[in-house]
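# Structural overview for review
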Amino acid sequence: MLASDNWSFFRAWIGAPLRVASVTPSGTALADLMTQEVTPETGPVIELGPGTGAFTQALIRRGVPEHNLTLVEFGPDFARLLEMRFPEARVRWMDASRLREVALYEAGGVGAVISGLPVLSMPPRKVIAILRGAFGYLRPGGAFYQVTYTTRCPIPKPILDRLGLRATRIGSTLRNIPPAAVYRIARHRPSRSSLV
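Please read all numbers here as calculations on a predicted model, not as lab measurements. (Residues numbered from 1 in each chain as written. Predicted model: local features only at pLDDT ≥ 70, side-chain atom pairs only at ≥ 80, totals over all residues. Heavy atoms only, no water.)

A tally of helices and strands in the protein yields six helices and seven strands. Order of helices (α) and strands (β) in the protein, N terminus to C terminus: α-α-β-α-β-α-β-β-α-β-α-β-β. Considering only intrachain contacts with a sequence separation of at least 6, the fraction spanning at least 24 residues in the protein is 68%. (Helix = DSSP H or I, 4+ residues; strand = E, 2+ residues; numbered from the N terminus. Contact = heavy atoms within 4.5 Å.)

Written out as structure tokens, the structure reads:
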């Protein structure tokens, strides 16, 4: 992590504290935790809210080819930085709640979605749109990984139940500022309100 990344994150957080999840970029311990279940065999990965690319770098360290990464970033400064740092990845400057409106991959073509989005500060309607969009791309058995800086799952149970999803805490780390946890969100059963 570069010192300039800290300044970029802090500046972005000051400008939009509800849109940027943390005052600092994720550290190596959290990036390793967030990506621990992803391998080169996972296939294409979508990353939501990559910021300066801490999770992106961890995915590449795990052997995921850069060209198999699609980075969805709303902040224009972060999007430009990601394009420079990861020239083989596909960077999309857009709101993650619009995933269903674009054709990033065929349905079922993605093995994992990694989310650094601040879902706790989002209205339920937006969280539902993000999850529906992400799971529309995920193949059976694929998972959505969400970071949180609280002690509970950041996706409320009523939303999980409505969409036929279940959340499992896969770990936490105190070696991050702030301390963080990661949840794996996966399909549980067919839902009344279809995800795709």
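The next point concerns the side chain of threonine 173. Looking at where threonine 173 falls in the secondary structure, it is placed in strand 6 (residues 165-173). Residue classification places threonine 173 among the buried positions, given a relative accessible area of 10%. (Buried < 20%, exposed > 50% of the residue type's maximum accessible area, 1.4 Å probe, protein only.)

This part covers the nonpolar core. By size, the foremost hydrophobic cluster in this structure holds 30 residues, and its most contacted members are Leu48, Leu131, Phe144 and Ile155. Put simply, the parts of the chain that give this core at least two residues each are strand 1 (45-48), strand 4 (110-115), helix 5 (124-137), strand 5 (138-148), helix 6 (157-163) and strand 7 (180-187). Of all hydrophobic cores here, the second largest spans 25 residues; its members include Phe55, Val91, Ala143 and Ile170. (Core = buried A, V, L, I, M, F, W, Y, C linked by side-chain atoms within 4.5 Å.)

Bringing the packing of helix 2 (residues 28-35) against helix 3 (residues 54-61) into the picture now. Contact pair helix 2 / helix 3: the axes reach a minimum separation of 9 Å and the direction vectors enclose 60°. Relative to helix 3, the element helix 2 is oriented oblique. Viewed along their axes, helix 2 and helix 3 form a crossing whose handedness is right-handed. Side by side, helix 2 and helix 3 meet where Thr28, Leu30, Ala31, Asp32, Met34 and Thr35 of the first sit next to Ala54, Phe55, Ala58, Leu59 and Arg61 of the second. (Axes fitted to C-alpha atoms, helices over the stretch in contact; angles between N-to-C directions. Parallel < 35°, antiparallel > 145°, perpendicular 65-115°, else oblique. Left-handed = near helix turned anticlockwise from the far one by under 90°.)

Attention shifts here to the pairing of strand 2 (residues 69-73). Across the five residues that make up strand 2, a large majority, five, are buried. Alternating residues of strand 2 divide into Leu69, Leu71 and Glu73 and Thr70 and Val72, and every residue in both groups is buried. Here strand 1 runs beside strand 2; their pairing, made up of four bridges, is parallel. Bridging across to strand 2, leucine 48 finds its partner in valine 72. As for the winding sense of the linkage, the β-α-β connection from strand 1 through helix 3 to strand 2 is right-handed. The pairing of strand 2 with strand 3 (residues 90-93) spans four bridges and is classified as parallel. Note that in strand 3 the partner of leucine 71 across the bridge is valine 91. For the crossover from strand 2 across helix 4 (residues 76-85) to strand 3, the handedness is right-handed. (Pairing = 2+ DSSP bridges. Right-handed = clockwise from strand over helix to strand, strands pointing away.)

Taken across its eight residues, helix 2 has six buried, putting it largely inside the fold. For helix 2, the set of buried residues is Ala29, Leu30, Ala31, Leu33, Met34 and Thr35. Summarising the contacts, the buried residues of helix 2 are in contact with helix 3, strand 4, strand 5, strand 6 and strand 7.

The full count for this structure, using the stated rule, is one aromatic pair. Taking 6.3 Å as the distance between ring centres and 15° as the angle between the ring planes, the aromatic pair formed by phenylalanine 135 and phenylalanine 144 counts as stacked. Taking relative accessible area as the criterion, phenylalanine 135 reaches 0% and is therefore assigned buried. Stacked on the ring of tyrosine 105, the Lys or Arg arginine 90 has its end atom at 4.5 Å from the ring centre. (Phe/Tyr/Trp six-rings, centres within 6.5 Å; stacked < 30°, edge-to-face > 60°. Lys NZ or Arg CZ within 6 Å of the ring centre and 35° of its normal.)

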